Amino acid sequence: TPARSASRPRALLGLARTALFNGEPNAMELVRQSLETNENFVPARVFLATLHLQVEDYDRAKEEVEKALDVNPNSLEALSVQAAARYLSGDDNGFAETRRRVLTLNPHHGGFYVTLAEVSARNRLYEQAAQFARIATEIDSEIASVDLVTYSPAGDEVTRETIELPPSWPGGPIYIARRVP
């Protein structure tokens, strides 16, 4: 049915996100299936770009983000991942350009800095992750707190730092995990 086929890309993306969260190896395959069903599904393109960033394949991440932006040039989620790819690949001018674009579209889009914090943490750039997380809590009133957790290689929690906004501000917590060598 048309309704079922329209929801299939979203369902496959949900399965891919769950697989990633659970540490299962099939997240990439599931998101590719989502895109086979609808190649213009921007959230799947952005998720695939994020997966490429996690394995430090910045060129492929940039390609996927460009495909997402071809469909929706003002996607804050896609622009945030584009900025992360540019940041991680050392493209300072491109990063600054994308940051200006995002903050012009929405000056209080803390999700931009949350994306940068998460991607930085996954790429072992823990100090940068903490800086981006702090900025997110400063510009976005819906982000109540960010937990920066450091783990040992064995998986034991070593330290936890919570950056909080006043309790009167709405929103949920953000967790960024990091491992120490």
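What you are looking at is a predicted structure, and each value in this text was computed from that prediction instead of being measured.

### Quick notes on the overall build of the protein
Then step 1. Within the protein, the regular secondary structure consists of 8 helices and 3 strands.
Then step 2. Listed by position from the N terminus, the elements making up the protein come as α-α-α-α-α-α-α-α-β-β-β.
Then step 3. Out of the 181 residues belonging to the protein, those deemed buried represent 43%.
Then step 4. Pairs at least 24 residues apart make up 55% of the contacts formed inside the protein by residues separated by at least 6 positions.

### Structural notes on the side chain of Ser 120
Then step 1. Checked against the element boundaries, Ser 120 lands in helix 7 (residues 110-122).
Then step 2. Accessibility expressed as a relative area gives 1% for Ser 120, which makes it buried.
Then step 3. Once you skip the residues sitting within four places of it in the chain, Ser 120 turns out to touch Tyr 87, Leu 125, Gln 128, Ala 129 and Phe 132.

### Observations regarding the pattern of salt bridges
Then step 1. As enumerated under the stated definition, the model contains 4 salt bridges in all.
Then step 2. Across the salt bridge formed by Arg 124 and Glu 56, the nearest N and O atoms sit 2.5 Å from each other. Of this pair, Arg 124 sits in the loop between helix 7 and helix 8 (126-139) while Glu 56 is found in the loop between helix 3 (42-54) and helix 4 (58-71), placing the two residues 68 residues apart along the sequence.
Then step 3. Looking at Glu 56, the relative accessible area reads 37%, which means it is partly exposed.
Then step 4. Three or more residues are tied together by salt bridges with common partners; here these are Arg 45, Glu 64 and Lys 67.

### Looking at the confidence of the model for the protein
Then step 1. This prediction gives the protein a mean pLDDT of 81; 74% of its residues lie at or above 70.
Then step 2. By mean pLDDT, strand 3 (residues 173-179) is the weakest element of the protein at 46, and helix 4 is the strongest at 96.

### A closer look at the packing of helix 6 (residues 92-105) against helix 7
Then step 1. Interaxial distance between helix 6 and helix 7 falls to 9 Å at its minimum, and their mutual angle equals 145°. In contact with Phe 95, Arg 99, Val 102 and Leu 103 of helix 6, helix 7 contributes Phe 112, Tyr 113 and Leu 116.
Then step 2. Taken together, the residues of the contact of helix 6 with helix 7 break down into 6 nonpolar, no polar and 1 charged.

The rules behind the values
- Numbers given to residues run from 1 along each chain, matching the order in which its sequence is written.
- Whole-chain, interface and lining totals are the exception, using all residues; otherwise, since this is a predicted model, local features are given only for residues with pLDDT of at least 70 and side-chain atom pairs are given and counted only at 80 or more.
- Each side-chain value is worked out from all heavy atoms of the structure, with water and hydrogens disregarded.
- Secondary structure is summarised from DSSP: a helix means a run of H or I of at least four residues, a strand means a run of E of at least two, and numbering begins at the N terminus for each.
- For every residue, the accessible area (1.4 Å probe, protein chains only) is compared with the maximum for its type, and the residue is labelled buried under 20%, exposed over 50%, or partly exposed between those bounds.
- Here a residue-residue contact requires only that any non-hydrogen atoms of the pair lie within 4.5 Å.
- Any Lys or Arg side-chain nitrogen located within 4 Å of an Asp or Glu carboxyl oxygen qualifies as a salt bridge.
- Per-residue confidence from the prediction method is given by pLDDT, with values spanning 0 to 100.
- Comment: axis = line fitted to C-alpha atoms, over the contacting stretch for helices; angle = value between 0 and 180 degrees taken between N-to-C directions.
- Under the scheme applied, nonpolar residues are Ala, Val, Leu, Ile, Met, Phe, Trp, Tyr, Cys and Pro; charged residues are Asp, Glu, Lys and Arg; polar residues are all the others, including Gly.

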